[in-house]
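# Observations on the three-dimensional arrangement
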Amino acid sequence: MAQQTVTPPTAARSERHPSALQPLMLVITILVSILGALIGIHMITTLGVSPNTSVIGAVIAMLIGRIGFFGLRKMRDVNRQNLAQSAISGSTFAAANSLITPIAVPFAFGRADLVWPMLLGASLGLVIDALVLYKAFGSKFLPADAAWPPGVAAAETIKAGDRGGKQALWLVGGTAVGIGASFLGLPMSAAGIAMIGNVWALMMFGVGLLVNQYAPVLLDVNLAELYIPHGVMIGAGVVALVQVGMILAGRVSKRERAEAEAARDVVAADPSLAPTVQPRQLRRVLGSGYVAYVIGALVLATLGGVWADMPVAAVIAWVLFAGVAALVHELIVGLAAMHAGWFPAFAVTLIFLVVGLLLQIPAVPLALVVGYCAATGPAFADMGYDFKAGWILRRDRRPYTAYEMDGRRQQMIASMIGFAVSIGMVALLWRGLFADGAIPPTAIVYADTIRAGLGDGHAIGNLLLWAIPGAVVQILGGPKRQMGVLLATGLLISTANAGWMVLGALVLRGIWKKARGEKGEREVSLTGAGLIAGDSVFSLGKIL
């Protein structure tokens, strides 16, 4: 994993972390959240994608901090800027992925009467999703020192704006290249991610992207129609869940024990590397998360009229299945986001749709469970990015742990404000958008797939067959690398030339690191952060 730049430890001031509920901060949070929600809704309904707006939020906060009246100079504080970027990115992904897309599923299916129940169910899923990440971040399963590439980009942008110097030059140079190359149609965020994340995981991600791009051309094979990527993800996902279970059980391999012993002195010198969530706490978090998802599914079943379509025993099974789908969906999406910076939310939701078809769940209840499942994962991943950014900005504070936990709590509050704004915006705008035909393309795919059903009788066989290589690769990579999940993620994402960008950037990263040593690793990380920031700025510039 690329190293983030670390400044010497500084003594924490007497005051606590800046509050997200301070009047000035609250006003700015609401305003940037409105902007983020509008951007997210517009892009998901027109282009079918949702951009990461965290860098934009950080830049807006920096510009506000340059204003010398009305107390706006307080926004020069990097932690306040981080709260702003947390709010805008949270509202963007919430509005686009977790709210407008789920409610569009029953609408596209011809059941506009189920939009409001779905909005409530999606809102519950969104909040539970974020709370699980808040409680689980910093565990061995979701460590703060993992890649989380967009979080690194946001943090380095904030640091560069605050300190300048050579680090700022590397970041600005990467940003300029990212904008220019994105203008030429190159997916520069893919190259930026490869300069920050785990090399082995991203190598498999790049391989998956290339196979997905060239299999139809060279082999005349449509991977998606044969459910090959879905089978690989199912196999890798099952093994990943077993690996999570081993972490929850506290089982440690000899290699992991040796690594922990070797890292003990490092952790003693840098407390930010120590886990803040222990396995027992993680077990409780995931268990309570599943219970919360089941309760949310029960509310959705009641308001959505599932009881009228299915007998009581089937409804109970539906509720339990919805809880499993929501939890597993967020975990797989979160793992992919942690290592690759991209999350295959659409594809993983489609996997559970296929499973629902195989289980012969009736059409309307299946549409609701697909919408509920789609609501989870994006907020989980985005909040991981935000907490990563905060961790980088706070890790030099001493005493560390209290300040870090207070900072996460304030970021959580800022994100929840962003979620509330997004829920309000979607509630106000959905009717006009859908009436004009502005429906997220993924929702149309879900609805059409439910209508069509599984026409291919070999679907089950293909899923089981291709689950085997997915499981094998995941086992070989282990829980830290998540190679199977990343291979499946690449197979599920259709972005032209992204695979070449990933593998090419990995080669350049290796060469530069060998030539420059540890300093080269930091320079590559800053350049990668700049490429991600440049790609995000270019994407937003197309609609602003």
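Residues numbered from 1 in each chain as written. Predicted model: local features only at pLDDT ≥ 70, side-chain atom pairs only at ≥ 80, totals over all residues. Heavy atoms only, no water.

## Overview of helix α5 (residues 149–163)
Defined as follows: Comment: elements are numbered from the N terminus, with helices defined as DSSP H or I runs of at least four residues and strands as E runs of at least two. In this scheme, a helix's expected span is set at 1.5 Å multiplied by one less than its residue total. Note on classification: 1.4 Å probe, protein chains only; a residue is buried when its accessible area is under 20% of the maximum for its type, exposed when over 50%, partly exposed between these limits.
With 15 residues, α5 should cover 21 Å at 1.5 Å per step; its first-to-last C-alpha distance of 21 Å lies within 8% of that length. With 12 of 15 residues buried, α5 lies mostly within the body of the structure. For α5, every residue scored as buried is listed here: P149, P150, G151, V152, A153, A154, A155, E156, T157, I158, K159 and A160.

## Quick word on the side chain of T157
The test is simple: Contacts: residue pairs with any heavy atoms within 4.5 Å of one another.
Mapped onto the fold, T157 is located in helix α5. Residue class for T157 comes out buried when judged on its relative accessible area of 10%. Those residues in contact with T157, other than ones at most four positions away along the chain, are V55, V59, M62, L171 and A533.

## What to know about a nonpolar patch on the surface
Just so we agree on the cut-off: Patch criteria: residues need more than 30% relative accessible area and no salt bridge. Like-charged residues are merged within 9 Å; nonpolar side chains of Val, Leu, Ile, Met, Phe, Trp and Tyr are merged within 5 Å. Computed with the Shrake-Rupley method and a 1.4 Å probe, the accessible areas treat only the protein chains shown as cover for residues. Salt bridges are counted wherever a side-chain nitrogen of Lys or Arg sits within 4 Å of a carboxyl oxygen of Asp or Glu.
Judged by side-chain polarity, V27, I30, L31, I34, L38, L428 and L429 come together as a nonpolar surface patch covering roughly 610 Å² of accessible area. When contributions to the nonpolar patch are tallied by element, the ones reaching two or more residues are α1 (23–46) and α17 (400–435). No other element matches the 5 residues that α1 contributes to the nonpolar patch. Inspection of the secondary structure assignment puts I30 in helix α1.

## As for the packing of aromatic side chains
Given two aromatic rings, one states the distance between the centres and the angle between the planes to describe the pair. Filter applied, for reference: Here is the rule: rings of Phe, Tyr and Trp (six-membered ring for Trp) pair when centre to centre is within 6.5 Å. Planes less than 30 degrees apart are stacked, more than 60 are edge-to-face, and the remainder are tilted.
By the definition in use, this model includes 13 aromatic pairs. For the ring pair F107 and W430, a centre distance of 6.5 Å and an interplane angle of 75° mean the geometry is edge-to-face. Of this pair, F107 sits in helix α3 (residues 78–108) while W430 sits in helix α17; the two residues are 323 residues apart in sequence, bridging distant segments of the chain. Its relative accessible area of 24% is what places F107 among the partly exposed residues. Since its relative accessible area comes to 2%, W430 is described here as buried. A ring pair is formed by Y214 and W500, whose centres lie 6.2 Å apart and whose planes are at 70°; its orientation type is edge-to-face. Linking Y214 in helix α8 (residues 199–219) with W500 in helix α21 (residues 498–541), this pair joins segments that are 286 residues apart in sequence. Judged by its relative accessible area of 28%, Y214 is partly exposed. Taking relative accessible area as the criterion, W500 reaches 47% and is therefore assigned partly exposed. Members of the aromatic cluster, connected to one another through ring pairs, are Y134, F137, W148, Y385 and F387.

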